[in-house]
Amino acid sequence: MGITIVVGNFKGGVGKTKVAVMSSWELAFKFKKKVLLVDLDPQGNASTLIARSLGIEELNKSIFDGFQKGDLTDSIVKDNEFLHFIPAQVSFKNLPKFLYSNFDNEYEQITYLKTLLQPIKNDYDYIFIDVPPTLSDYSDNAMMASDYVLIILQAQELSLEGAETYVKYLQFMVDNYDADLQVVGVLPVLLRPGGRVDISILEQAKDVFGKQNVFKTVVKHLERLKSWDVTGIKSNDHHDRNAHNLFIDVVDELLTKLKLFEKEGKYNE
Ligand SMILES: Nc1ncnc2c1ncn2[C@@H]1O[C@H](COP(=O)(O)OP(=O)(O)OP(=O)(O)O)[C@@H](O)[C@H]1O
Ligand SMILES: [Mg+2]
């Protein structure tokens, strides 16, 4: 049964998409797991990056088609054995209208993705969901469909704002809609160049989220990770290898954390 993970933070441009894509990529191609990446952001950044990286020129599948049909099977791009993805296009901005006109019941509106993933979950080891940075039907659907959330922590900022808001909202969803997901970890990300981790932020994060929940691996700012937006993900030189190794460490730690939850009974492979 695929473990479903949403990468969360309610701030824009904090590295959510990069983490979702690179974690999926390493899990698939380095760890040889079967991975599905669901792009739930009408901007389609994750879809564009993966397509470019795999040399796919035209994306003729669409998540919104799957939502309208009530079946995501035909929306999955299966270019290779390990990494599949469901692409989003700008048309997906009409998701709220679609949900309101098709379901009267709020619970059905926010659990529609969960319903659609149910029949395909068994085909994957891991499913990642990339979301837009908004409190919206997109993030609600992602939360309700997920087993775990990987929270992005802006490690250079002087506040935990984006991460804390996310956790507060998560609690709201657990209390009001019986969302059944838990925080798998808090991943520090350095988005600005030349930055270093603000130690006081890490300490605050450990207080707020629990020491064991904050990743030891820090996603550094690497120009190579940024330039892959244009070139696609590469493996040509030592800068490429550096960037891959960073996310191999992220995935290693993620898998260790998931195993711990397994012992506690939440995670059953
Ligand atoms: N570790 C990194 N080093 C350098 N650049 C990065 C890194 N992570 C992300 N970036 C770049 O920062 C920008 C924002 O990253 P990304 O798109 O992943 O953020 P996001 O949180 O998904 O944004 P949005 O909220 O708009 O969806 C992108 O140009 C991306 O290439
Ligand atoms: Mg994004």
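Residues numbered from 1 in each chain as written. Chains lettered and ligands numbered in written order. Predicted model: local features only at pLDDT ≥ 70, side-chain atom pairs only at ≥ 80, totals over all residues. Heavy atoms only, no water.

For the protein, the name recorded in an unreviewed UniProt entry is AAA family ATPase, with Savagea serpentis as its organism.

UniProt's feature table lists "domain: AAA" (unreviewed entry) at residues 4–182, given in the numbering used throughout. Counting secondary structure, residues 4–182 comes out at 42% helix and 15% strand; the distance between its end C-alpha atoms is 11 Å. (UniProt positions renumbered as here; feature names shortened; annotations may be inferred. Helix = DSSP H or I, 4+ residues; strand = E, 2+ residues; numbered from the N terminus.)

This part covers the packing of aromatic side chains. According to the stated counting rule, one finds 13 aromatic pairs in the structure shown. Consider the rings of Phe64 and Phe92, whose centres lie 5.7 Å apart with planes at 65 degrees: the pair is edge-to-face. With Phe64 in helix α3 (residues 63–69) and Phe92 in the loop between β3 (83–86) and α4 (95–102), this pair connects stretches of sequence that are 28 residues apart. Judged by relative accessible area, Phe64 falls into the buried class, the value being 8%. Its relative accessible area of 0% is what places Phe92 among the buried residues. Ring geometry for Phe98 and Tyr112: centres 6.0 Å apart, planes at 35 degrees, overall tilted. Separated by 14 residues along the polypeptide, Phe98 in helix α4 and Tyr112 in helix α6 (residues 112–117) bring together distant segments of the chain. When its relative accessible area of 10% is taken as the criterion, Tyr112 is described as buried. (Phe/Tyr/Trp six-rings, centres within 6.5 Å; stacked < 30°, edge-to-face > 60°. Buried < 20%, exposed > 50% of the residue type's maximum accessible area, 1.4 Å probe, protein only.)

It is worth spelling out the nonpolar core at this point. Counting 51 residues, the largest nonpolar core has Leu40, Phe67 and Ile129 as its most contacted members. Of all the elements, helix α8 (residues 161–177) adds the most residues to this core, at six residues. Phe67 has contacts with Leu40, Leu72, Phe92, Leu95, Phe98, Tyr112, Leu113 and Leu116, leaving out every residue within four places of it along the chain. Listed in part, the 45 residues of the second largest apolar core include Leu37, Ile50, Leu54 and Leu254. (Core = buried A, V, L, I, M, F, W, Y, C linked by side-chain atoms within 4.5 Å. Contact = heavy atoms within 4.5 Å.)

It is worth spelling out the pattern of salt bridges at this point. Using the criterion set out here, one finds seven salt bridges in the structure. Across the pair Lys69 and Asp74 runs a salt bridge whose closest N-O atoms are separated by 3.1 Å. Taking the relative accessible area as the measure of exposure, Lys69 reaches 53% and is therefore exposed. A salt bridge links Lys206 to Glu203; the shortest N-O distance between them is 3.9 Å. Here Glu203 and Lys206 lie together in helix α9 (residues 199–209), a separation of three residues that amounts to about one turn. (Salt bridge = Lys/Arg side-chain N within 4 Å of Asp/Glu carboxyl O.)

This brings us to the layout of surface pockets. To find leftover empty space, one rolls a probe the size of a water molecule over the atoms. By volume, the largest pocket is sized at about 570 Å³. Lining of the largest pocket is provided by 27 residues; of these, Gly15, Thr17, Lys18, Leu191 and Asp229 occupy positions nearest its centre. For the lining of the largest pocket, the secondary structure elements donating two or more residues are α1 (16–29), α2 (45–54) and α10 (223–231). Residues of the lining of the largest pocket, tallied by class, amount to twelve nonpolar, eight polar and seven charged. (1 Å grid on protein atoms, 1.4 Å probe; cavity = no way out; pocket = protein on both sides within 12 Å on 5 of 7 lines; lining within 4 Å. Points joined across faces, edges and corners; volume = space filled by probe spheres on them. Nonpolar A, V, L, I, M, F, W, Y, C, P; charged D, E, K, R; others polar.)

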